[in-house]
Amino acid sequence: MTTFSNPAGDAAAATEYVRALLAVLGDRDPLNVMKELIPWMEQRVRDLDPAVLRRPEAPGKWSVIEVAHHLADTELVYGYRVRMVLTQDTPPLPGYDQDAWVRTFRYRDVPLAEVLAQLTALRTAHLRLLYSLEPPQWKRAGLHSERGLESVEHIVRMIGAHDLVHRRQIERVLAAVSP
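Residues numbered from 1 in each chain as written. Predicted model: local features only at pLDDT ≥ 70, side-chain atom pairs only at ≥ 80, totals over all residues. Heavy atoms only, no water.

(A) Main features of the packing of aromatic side chains. If you walk through the whole model with that rule in mind, you get two aromatic pairs. Here the aromatic rings of Tyr96 and Trp101 are separated by 4.5 Å at their centres, their planes lie at 45°, and the arrangement is tilted. Residue Trp101 is classed as partly exposed on the basis of its relative accessible area, which comes to 22%. Ring centres of Trp101 and Phe105 lie 5.5 Å apart, and the angle between their planes is 80°; on these two criteria the pair is classed as edge-to-face. With a relative accessible area of 43%, Phe105 lands in the partly exposed category. Feature note: the residues Tyr96, Trp101 and Phe105 constitute an aromatic cluster, connected by ring pairs. (Phe/Tyr/Trp six-rings, centres within 6.5 Å; stacked < 30°, edge-to-face > 60°. Buried < 20%, exposed > 50% of the residue type's maximum accessible area, 1.4 Å probe, protein only.)

Laid out in structure tokens, this is it:
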């Protein structure tokens, strides 16, 4: 089983991360995968004890609530990147330190309902935008600070793959922390 790590500022690791992510997606339609996330999340975490959602699988690892919040904030980041690519010529797409976001924004303390509301609103708006694109818009690209040139098409494949990886992570965390 592939271990997924996306350390900030490591271009070599970023290349391996992208390869591993896209392998998980395979030939699945990333837009269909993206449409699955909200219903899957709502079903998977419904009626779970908040203490279970906040318990990491191991020291230094994320809890389910932290993974869910990461998905919501990642939607914010990817939505911004796509919008920049669509409105500017080869804009810079800065990377970010996801672990710093988890710590700084205290993901574990945010109520699940707020996290799901944020994720739902952002994903709904993002999908609406993506379904409105014309074929040439999918080829527009920006320059990611760690991964190089990324087209809208590539970014969307990354989002779909990212969803699948974190769905697997949520299942793994729940298996480790559920009574």
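The rest of the description comes next.
(B) Representation of the nonpolar core within the structure. Grouped together as the largest cluster of nonpolar side chains are 26 residues, with contacts concentrated most on Leu130 and Val152. Listed by contribution, the elements that provide at least two residues to this core are helix H1 (11–25), helix H2 (30–45), helix H4 (64–87), helix H6 (112–132) and helix H8 (152–177). Examining the composition of this core, we find that eight residues originate from one element, H8, more than from any other. The contact partners of Leu130, leaving out residues within four places of it in the chain, are Leu31, Met34, Val82, Trp138, Val152 and Val156. Within the second largest apolar cluster, 25 residues are counted, among which are Val45, Val64, Val102 and Leu116. (Core = buried A, V, L, I, M, F, W, Y, C linked by side-chain atoms within 4.5 Å. Helix = DSSP H or I, 4+ residues; strand = E, 2+ residues; numbered from the N terminus. Contact = heavy atoms within 4.5 Å.)

(C) Representation of the pairing of strand E3 (residues 148–151). Across four bridges, strand E2 (residues 141–144) lies against E3 in antiparallel orientation. The partner of Leu143 across the bridge, within E3, is Leu149. Linkage of E2 to E3, two consecutive antiparallel strands, is achieved through a turn of three residues. (Pairing = 2+ DSSP bridges.)

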